Amino acid sequence: QVHLVESGGGLVQAGGSLRLSCAASGRPISTYAMGWFRQAPGKEREFVAAKAWNGGNILYVDSVKGRFTIDRDNAKNTVYLQMNSLKPEDTAVYYCAADRYGSASDFKPDYWGKGTQVTVSS
């Protein structure tokens, strides 16, 4: 089992930045793909970003390309999502996720965090 805990969410004005962190415990994440999803009220959960186990493949949903950056620090067992140029449509609960198979291109999480709220005001 991998336990994932997100932090860093909050309220920010449009154009601002936030950095989300996801601390993993229970197992090393060094061989897992790690990523982020988000879900706005009344909407389906959507994929945001993922990074393969070795960092060789990084994927983003089109709407965040050029604004968001996913990074991982296996030594700290932590994954990050740097969010810049935030827009009101980025408002959602953001969830950290881990995939045992290590693939970013076929990212099917086995473990989920409970989420952190990001609210972007216009």
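This text goes with the structure placed above it.
What counts, and where the lines are drawn
Every residue gets a number counted from 1 within its own chain, in the order that chain's sequence is written. For this predicted model, a pLDDT threshold of at least 70 governs which residues receive local features, and a threshold of 80 or more governs which side-chain atom pairs are given and counted, while totals over whole chains, interfaces and linings are taken from all residues. The basis for every side-chain value is the complete set of non-hydrogen atoms in the structure, without hydrogens or water. Numbering of helices and strands runs from the N terminus, with a helix taken as a DSSP run of H or I at least four residues long and a strand as a DSSP run of E at least two residues long. Atoms considered for the radius of gyration are the C-alpha atoms alone. The globule rule reads 2.2 Å times the number of residues to the power 0.38. Contact definition: two residues touch when any of their heavy atoms are within 4.5 Å. The Shrake-Rupley method, run with a 1.4 Å probe sphere, supplies the accessible areas, and residue values consider only the shown protein chains as cover. His residues and chain termini do not enter the charge count, which takes Lys and Arg as positive and Asp and Glu as negative. Charged groups are reduced to one reference atom each: NZ for lysine, CZ for arginine, CG for aspartic acid, CD for glutamic acid. Burial status follows relative accessibility: with a 1.4 Å probe on protein chains alone, a residue under 20% of its type maximum counts as buried, one over 50% as exposed, and anything between as partly exposed. Strands are treated as partners if at least two bridges between them are detected by DSSP. We call a pair of cysteine sulfur atoms a disulfide when they lie within 2.5 Å.

Engineer: Would you mind going over the overall build of the protein in detail, with residue names and values included?
Structural biologist: A tally of regular secondary structure across the protein gives zero helices and eleven strands. Moving toward the C terminus, one meets the helices and strands of the protein in the order β-β-β-β-β-β-β-β-β-β-β. For 122 residues, the compact-globule estimate of 2.2 N^0.38 gives 14 Å, and the C-alpha radius of gyration of the protein, at 13 Å, lies within 12% of that figure. C-alpha extents for the protein along the principal axes are approximately 40 × 25 × 25 Å. Look at the contacts in the protein between residues 6 or more apart in sequence, and 58% of them connect residues 24 or more apart. Within the structure as shown, the protein displays about 6200 Å² of accessible surface, and the carbon and sulfur contribution to it stands at 48%. The distance from the centre of the 14 positive side-chain charges to the centre of the 11 negative ones in the protein is 3 Å.

Engineer: Help me get a handle on the pairing of strand S9 (residues 92–99), residues and values and all.
Structural biologist: The element S9 is largely enclosed, with a buried count of eight among its eight residues. Both strand S4 (residues 33–39) and S9 contribute to a ladder of seven bridges, which runs antiparallel. Its bridge partner being in S9, Gly35 is matched across the sheet by Ala97. Relative to strand S11 (residues 116–121), S9 is paired through three bridges, and the arrangement is antiparallel.

Engineer: Got a sec to walk through the state of the cysteines? Specific residues and values, please.
Structural biologist: By the definition in use, this model includes one disulfide. Across the disulfide from Cys22 sits Cys96; the S-S distance is 2.0 Å. The sign of the S-S torsion, about -80 degrees, decides the handedness of the disulfide formed by Cys22 and Cys96: left-handed. With Cys22 in strand S3 (residues 18–25) and Cys96 in strand S9, the pair connects residues that are 74 residues apart, well separated along the chain.

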